[in-house]
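# A look at the structure
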Amino acid sequence: MTHSVYNSLTTTATSFISPTLVLIGFVSVLPILYIANLYCRYKRYQTATPWSARDKVVVITGASSGIGEELAYEFARQGAILILCARRTDKLADVEKACREKYGASQVTIHKVDVTRDSDVDRLIETIDATHEKIDCLVLNAGVSMGEALEDVEDFNIIKNIMDVNFYGSAMLTYHALPLLKKAEKSRITVISSLASVMPFIPMRTGYAASKCALRGFFDSLQTELLKDNIFITIAYPGIVKTEINNNRLGKNPKNLDFSKAMPADECAKVIVDGTIKAHKEIVFTNLGKLARVLDGTFPDLLFHISQNYITKQISVEKKFE
Ligand SMILES: NC(=O)c1ccc[n+]([C@@H]2O[C@H](COP(=O)([O-])OP(=O)(O)OC[C@H]3O[C@@H](n4cnc5c(N)ncnc54)[C@H](OP(=O)(O)O)[C@@H]3O)[C@@H](O)[C@H]2O)c1
């Protein structure tokens with residue numbers, strides 16, 4: 001056997017055997033890793049509970065519509081003291097009314113807060129400090145999205161605005177809220193990220209995916225800092241949820257998501273509130289999202305292929321969906 005034939009056979013065998021061995025190894029250790037993960041989750045649950053939303057001070061950003069509005073209703077149902085924030089106070093007033101009259105909340109206040117404005121955030125924290133002296137649960141939900149390929153974005157400030165609202169808005173509010181979160185027992189921070197950060201291969205969402213990936217980095221790191229204070233961070237990664245987000249996309253001609261199979265916002269909110277109470281480290285929505293979480297980092301090319309074929313079909317290129 002010549003040297004070159006030997007080399008080519010070895011290369012072929014190695015390229016075949018390596019992925020196969022990796023796959024067999026991966027599949028055989030999977031049950032052990034699964035059980036180890038369950039154990040870690042159980043330990044965290046033990047430390048973080050008992051905890052219920054009843055009489056807890058819950059602050060929700062972006063509570064004027066969509067997921068934030070439904071989170072307000074779900075927390076109201078569970079007896080929380082609600083502090084609802086957004087820029088549209090007329091919409092917030094409607095949500096407040098429904099929380100009281102339909103869902104039985106006894107303490108609800110609304111606050112005009114643009115999460116990108118330091119002065120609004122300072123005022124909110126001062127008010128909460130004066131009235132409740134603590135925050136039991138901070139829900140970081142305010143967000144905006146986009147819908148254009150980067151080359152079609154006319155003004156780069158769109159990308160900066162998305163980072164400002166989705167990332168810096170949530171990070172800044174958390175920074176200022178920390179002293180009040182520390183005053184509560186076993187307090188929670190719930191971050192509404194997106195599957196766009198679990199499988200960030202979605203076209204026309206560059207700035208959005210970046211902002212949601214940034215949230216993950218920031219809050220995963222923060223969790224390690226805050227465990228000593230018994231503050232539990234839950235990051236939720238919803239898939240496509242039927243809300244007003246299509247109407248609010250930044251840009252001149254944004255392409256929307258097909259909502260025909262979208263999850264109803266109230267269903268999404270229920271899962272998030274339940275995960276918050278149980279202090280799940282993360283809540284990944286949809287079977288595809290769960291699969292992506294496993295494939296991420298191990299089989300990136302396969303995940304990219306799946307994302308391309310699945311997600312691209314969900315984006316309307318020709319028309320706007322309602
Ligand atoms: N819908 C989906 O398919 C989906 C999927 C995954 C993740 N998410 C995430 O879920 C969160 C809620 O979105 P949604 O789908 O419920 O959309 P939505 O109905 O458009 O709600 C967005 C909320 O954010 C608030 N907001 C926007 N800019 C703000 C600012 N500068 N300061 C304060 N509040 C601001 C809006 O209130 P005002 O305009 O009154 O300020 C509104 O209440 C977002 O973070 C979004 O990225 C949504």
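I will try to describe carefully the structure that is included in this document. (Residues numbered from 1 in each chain as written. Predicted model: local features only at pLDDT ≥ 70, side-chain atom pairs only at ≥ 80, totals over all residues. Heavy atoms only, no water.)

### A few points about helix 7 (residues 265–277)
Note the threshold: To qualify as a helix, a DSSP run of H or I must reach at least 4 residues; to qualify as a strand, a run of E must reach at least 2; elements of each kind are numbered from the N terminus. Given the number of residues in a helix, its expected span is that number minus one, multiplied by 1.5 Å.
Between the first and last C-alpha of helix 7 there are 18 Å, a value that for 13 residues agrees with the 18 Å anticipated at 1.5 Å per step. Trailing helix 7 by a residue or two, Ala279 shows a phi angle of about 60°, which is positive.

### Side note on unusual backbone geometry
Applicable threshold: Remark: exposure states derive from per-residue accessible area (1.4 Å probe, protein chains only) relative to the maximum for the residue type, with buried under 20%, exposed over 50%, and partly exposed in between.
With omega at 5°, the peptide bond leading from Thr49 into Pro50 counts as cis. Residue placement: Pro50 occurs in the loop between helix 1 (3–48) and strand 1 (57–61). Here Met204, not a glycine, exhibits a phi torsion of approximately 65°, which is positive. A positive phi angle, near 60°, is found at Ala279, a position not held by glycine. Along the chain, Ala279 turns up in the loop between helix 7 and strand 9 (282–284). For Ala279, a relative accessible area of 1% puts it in the buried group.

### Remarks on the site of the ligand
Definition in use: Summary of the distance rule: residues count as near a molecule or strand when at least one heavy atom falls within 4 Å of that molecule or strand. Throughout this description, a polar contact denotes any pair of N or O atoms lying within 3.5 Å of each other; where both atoms belong to protein, one of them has to be capable of donating a hydrogen while the other can accept it, and for residues adjacent in sequence the pair is counted only when both atoms sit in side chains. Computed with the Shrake-Rupley method and a 1.4 Å probe, the accessible areas treat only the protein chains shown as cover for residues. For this classification, Asp, Glu, Lys and Arg are treated as charged, while Ala, Val, Leu, Ile, Met, Phe, Trp, Tyr, Cys and Pro are nonpolar and the rest, including Gly, are polar.
Around the ligand sit 30 residues in total, of which Arg87, Arg88, Asn141, Tyr208 and Thr243 are the nearest. The separation between an oxygen atom of the ligand and a polar side-chain atom of Ser64 is 2.8 Å. One nitrogen or oxygen atom from the main chain of Asn141 is found 2.8 Å from an oxygen atom belonging to the ligand. For the ligand, the accessible surface in isolation is 880 Å², of which the surrounding protein chains cover 97%. For the shell around the ligand, the residue count by class is 14 nonpolar, 11 polar and 5 charged.

### Comments concerning helix 5 (residues 157–183)
To keep it simple, the criterion reads: Bend at a given residue is defined as the angle between two axes, one fitted to the seven residues that end at that position and one fitted to the seven that begin there.
In a regular helix each residue adds 1.5 Å, so 27 residues correspond to 39 Å; helix 5 covers 38 Å between its end C-alpha atoms and thus fits that length. Maximum bend of helix 5: about 55°, positioned at Ala177, with proline Pro179 one to four residues after it.

### Side note on the side chain of Ser211
To keep it simple, the criterion reads: We call two residues contacting when some pair of their heavy atoms lies within 4.5 Å.
Examined against the element boundaries, Ser211 turns out to sit in helix 6 (residues 206–226). Not counting the four nearest positions on each side in its chain, Ser211 is found in contact with Ile162, Met163, Asn166 and Phe167.

### What to know about the packing of aromatic side chains
For clarity, the threshold we go by: Any pair of Phe, Tyr and Trp rings, taking the six-membered ring for Trp, is counted once the centres come within 6.5 Å. Such a pair is stacked with planes under 30 degrees apart, edge-to-face with planes over 60 apart, and tilted for the rest. Two thresholds decide whether a charge sits over a ring: the Lys NZ or Arg CZ must be within 6 Å of the ring centre and within 35 degrees of the ring normal.
Inspection of the entire model under this criterion finds 5 aromatic pairs. Consider the rings of Tyr73 and Tyr103, whose centres lie 4.7 Å apart with planes at 25°: the pair is stacked. In this pair, Tyr73 is assigned in helix 2 (residues 66–77) and Tyr103 in the loop between helix 3 (89–101) and strand 3 (108–112), connecting sequence segments 30 residues apart. The same class applies to Tyr73 as to Tyr103, namely buried. Ring centres 5.0 Å apart and planes at 65° place the aromatic pair Phe167 and Tyr168 in the edge-to-face group. Among the aromatic side chains, those forming a connected cluster through ring pairs are Phe167, Tyr168, Phe218 and Phe219. When the ring centre of Trp51 is taken as reference, the NZ or CZ atom of Lys56 above it lies at 5.2 Å.

### Quick look at the pairing of strand 5 (residues 188–192)
Which entries qualify depends on this criterion: When the strands point away from the viewer and the connection leading from the first strand across the helix to the second strand turns clockwise, the crossover is called right-handed. One bridge is not enough; two strands pair if DSSP finds at least two bridges between them.
In terms of burial, strand 5 is a largely internal element, 5 of the 5 residues being buried. Of the two faces of strand 5, the one carrying Arg188, Thr190 and Ile192 and the one carrying Ile189 and Val191 are both buried. Remark: the strand 4 (residues 137–140)/helix 5/strand 5 crossover connection has right-handed handedness. Sheet topology places strand 5 next to strand 6 (residues 232–237); 5 bridges connect them, and they run parallel. Opposite Thr190, over in strand 6, you have Thr234 as the bridge partner. Following the chain from strand 5 across helix 6 to the adjacent parallel strand 6, one finds a crossover that is right-handed.

### Overview of the pattern of salt bridges
What counts is decided by this rule: Only one rule defines a salt bridge in this text: a Lys or Arg side-chain nitrogen within 4 Å of an Asp or Glu carboxyl oxygen.
Scanning all chains against the criterion turns up 16 salt bridges. For Glu244, the salt bridge identified is with Lys91, shortest N-O distance 3.4 Å. Taken together, the positions of Glu244 in the loop between strand 7 (241–242) and strand 8 (263–264) and Lys91 in helix 3 put the pair 153 residues apart, joining distant regions of the chain. One salt bridge in this structure joins Arg293 and Glu282, with 2.6 Å as the shortest N-O distance. With a gap of 11 residues between them, Arg293 in helix 8 (residues 287–295) and Glu282 in strand 9 connect regions that are remote in the sequence. Residue Glu282 is classed as buried on the basis of its relative accessible area, which comes to 19%. When salt bridges with common partners are traced through the structure, they connect Asp220, Lys281, Glu282 and Arg293 into a single cluster.

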